[in-house]
Every structure is written in structure tokens, then in C-alpha cells.
Amino acid sequence: MAKRRKIIVGNWKMNGRLTSGLNLAKEVANRAQSEIPLSFDVVLCPPATLIWSISEALMDTPVLLGAQDCHYANHGAYTGDVSAGMLADIGCRYVILGHSERRAAYGETNQLVAKKVAGAQLAGLTTIVCIGETLEQRAAGATEEAITEQLTGSLPEKFHPSQLVVAYEPVWAIGSGETPSPDEIRHVHQLVRRSLGVMGETVPVIYGGSVVPSNAGSLLVEPDIDGVLVGSASLNSDGFWSIAECAR
Ligand code: PGA
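Owing to the predicted nature of the structure, the values given are computational and were not obtained by experimental measurement. (Residues numbered from 1 in each chain as written. Predicted model: local features only at pLDDT ≥ 70, side-chain atom pairs only at ≥ 80, totals over all residues. Heavy atoms only, no water.)

> In this structure, what is going on with the environment of arginine 248? I would like to understand it.
Within the element layout of this structure, arginine 248 appears in the segment after helix 10 (237-245). A residue is classified by how much of its surface remains accessible, and arginine 248, at 57% relative accessible area, is exposed. If we ignore the near neighbours within four places in the chain, the residues touching arginine 248 are Glu35, Ser39 and Phe40. One polar contact links arginine 248 to glutamate 35, side chain to side chain, over a distance of 2.9 Å. Engagement of the side chain of arginine 248 in a polar contact is seen with the side chain of glutamate 245, the distance being 3.1 Å. (Helix = DSSP H or I, 4+ residues; strand = E, 2+ residues; numbered from the N terminus. Buried < 20%, exposed > 50% of the residue type's maximum accessible area, 1.4 Å probe, protein only. Contact = heavy atoms within 4.5 Å. Polar contact = N/O pair within 3.5 Å; in protein donor to acceptor, adjacent residues only side chain to side chain.)

Now the structure itself:
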């Protein structure tokens, strides 16, 4: 099987103001520039307000841009929402969909996530689809069932595997300082690949949840972990870059 290129994604969540966000993006871009040609992909997902100015700052650098969510429709009467086409217009190549924080706080269902995946892929974005078991599901030994159900439910009937990244993010590991062991992660990633059938060979499966510089090496060395989705540790360029460097 061909070696898949690793992907390092920074999910800033609702953090970063105009000046601090731009500075952070420029610092990451400088690190990336100094390592050209990069042997891995780096994607920054700032809050929507910063995408345009960061997009200009990242032009001619190898750092790619993503958003943290989008609507499933291309346009229309959806007060407060942003479409995938609008994000593509301002330089986004990726969008995170179905993050557990959105599922929990806004009641996003698998069905809604699947509609968003279809809409975002139609607009040309690569969709980073998040799935992960809760602590209760893990304690009940229902991780595999939860993952399979969420994965199949969060994908539309037709999708482009070349525009799909699956992010395994156990809900209990996000922001908690706890992570599953690399063995446990490998087990889930292999399950994801099996569920995707032939597409599982090519679709990157990345891990997210309390990834920090001290554990990134043991995760990214695994051939079955195609990258990481980093939350709080992506808010500091030194820390984020030392995680990214483990993908070399
Ligand atoms: P964390 O968040 O790295 O802060 O745990 C990861 C995520 O929610 O994507």
C-alpha cells in the first residue's frame, strides 16, 4: 500500500482576534516556508472572521486553509450561516464537519453532517468528518458500534473519497489531556478503513484529542495514523510546529 502523506490540522475553535490570529498564521507559514518542500500537509482552521485576511497572508506559502463548519446549502435564507462556496471563494480548501462540540452544543445529527459533506464537496472543499465515541460508550464497550454508526451516518450516499478525511476524535479525549493508546487508535482507524471498503485504502484517517508536542511523535510514527487534528496546542506556533515536525 502506498504511503499516505500526513496531514496536520490546527483547529483554533473560537480563538484568535485579527492581530493575534494573523500573527499566529504568519509564524506557522514562516516555519513551513523554511522547510520547503514540505513532506506533509499543514492546514489551519481559524474562526470564519479571520479566513480572508489569513488567506492573503498565506498566499505563496505551503500552508492550506480550512473552516470549522459550513451550511449544507449553497446560498439562501439561512441567517447567520456561511456556505461552502463562500468559504472556497476566500481561499478555503478544507472544512471540518461534525465536530463533537457542534454535535453536542447545536444538536448536529449524522444526517445533517452528511448533507453538509455533500454540499461542501460540491463546492470543491475537502471535508474533514469528525467521529468519536463518548466516555459512556467507551465504558460500555460500545466504541466500535458507535464509530461505525457515526461514520456511515455522517457520509452522504455519494461522495468523493479524494475529498474526504476522517478524523477520529474520542469525545472524552478532547481538551481533557487524556488520549487513547496508539494501539487503541490504530484499532479504530483500521475499523474506519474496513467500513469504507476499497476507499479505505486512500482516505486519510487522522486522530484528534489532546494532541501535544510530547505525544505527537508516538502517534505520527504509526502508519495507520495519517495525521492529527490539534485544538489548543495549535494556538502556539512553536508547539504546533513541533507537533507538525513529527510528521516528517
Ligand atoms: P484538543 O482539541 O487538541 O484541544 O483536545 C482537539 C479538537 O477538538 O479538534
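> I'm lost on the packing of helix 9 (residues 213-220) against helix 10 in this one. Help?
Angle between the axes and distance between the axes: these two values describe a pair of packed helices. Across the interface, helix 9 lies against helix 10 with an axial gap of 8 Å and an inter-helix angle of 20°. The orientation of helix 9 relative to helix 10 falls into the category roughly parallel. Read as a crossing pair, helix 9 and helix 10 show a hand that is right-handed. Residues Pro213, Ala216 and Leu220 of helix 9 form the contact with helix 10, whose own contacting residues are Gly239, Ser242 and Ile243. (Axes fitted to C-alpha atoms, helices over the stretch in contact; angles between N-to-C directions. Parallel < 35°, antiparallel > 145°, perpendicular 65-115°, else oblique. Left-handed = near helix turned anticlockwise from the far one by under 90°.)

> What am I meant to see in the sheet that holds strand 5 (residues 126-131) here?
Whenever strands of a sheet pair, they do so through backbone hydrogen bonds, lying parallel or antiparallel. Reading around the circumference, 1-2-3-4-5-6-7-8 is the order of the eight strands in this closed barrel, with parallel pairing throughout. Looking at each pair of strands side by side, their axes are set apart by 25° on average, direction ignored. Bridge count for strand 1 (residues 7-11) against strand 2 (residues 41-45) is five bridges, and the pairing is parallel. If you follow isoleucine 7 over to strand 2, its bridge partner there is aspartate 41. Contacts between helix 8 (residues 182-196) and the sheet are confined to strand 5, strand 6 (164-168) and strand 7 (205-208), with strand 7 contributing the most and set at about 145° to the helix. (Pairing = 2+ DSSP bridges.)

> Sorry if this is basic, but what is going on with the site of the ligand here?
Not every one of the 13 residues close to the ligand is listed here, only the nearest: Lys13, His99, Glu169, Gly175 and Ser210. With respect to the ligand, the side chain of lysine 13 contributes an N or O atom lying 2.7 Å from an oxygen atom. A distance of 2.7 Å separates an oxygen atom of the ligand from a polar side-chain atom of histidine 99. Protein contact buries 97% of the 280 Å² of open area that the ligand shows by itself. (Near = heavy atom within 4 Å. Areas by Shrake-Rupley, 256 points an atom, 1.4 Å probe, with all protein chains shown as cover.)

> Help me understand the packing of helix 7 (residues 143-153) against helix 8 in this model?
Look at helix 7 against helix 8: their axes get within 10 Å of each other, and the N-to-C directions meet at 40°. As far as their axial angle goes, helix 8 and helix 7 are oblique. Between helix 7 and helix 8 the crossing geometry is right-handed. Residue-level contacts link Thr143, Glu144, Ile147, Thr148 and Leu151 of helix 7 to His187, Val188, Leu191, Val192, Ser195 and Leu196 of helix 8. Looking at the contact of helix 7 with helix 8, its residues break down into six nonpolar, four polar and one charged. (Nonpolar A, V, L, I, M, F, W, Y, C, P; charged D, E, K, R; others polar.)

> Help me out: how do you make sense of the packing of aromatic side chains in this one?
Aromatic rings in a pair are described by how distant their centres are and how their planes are angled relative to each other. All told, the structure shown has three aromatic pairs when counted by the stated rule. Both rings, one in phenylalanine 40 and one in tryptophan 241, keep their centres 5.9 Å apart while their planes meet at 50°; by these two values the pair is tilted. With phenylalanine 40 in the loop between helix 1 (18-33) and strand 2 and tryptophan 241 in helix 10, this residue pair connects regions lying 201 residues apart in the sequence. Pair check on accessibility: phenylalanine 40 and tryptophan 241 agree, each one buried. On the basis of an interplanar angle of 65° and a centroid distance of 6.1 Å, the ring pair of tyrosine 168 and tyrosine 207 is categorised as edge-to-face. Remark: tyrosine 207 occurs in strand 7 and tyrosine 168 occurs in strand 6; sequence separation between them is 39 residues. Over the face of the ring belonging to tyrosine 72 we find lysine 115, whose NZ or CZ atom lies 4.1 Å from the ring centre. (Phe/Tyr/Trp six-rings, centres within 6.5 Å; stacked < 30°, edge-to-face > 60°. Lys NZ or Arg CZ within 6 Å of the ring centre and 35° of its normal.)

Everything listed is a geometric property; what it means functionally is a separate question.
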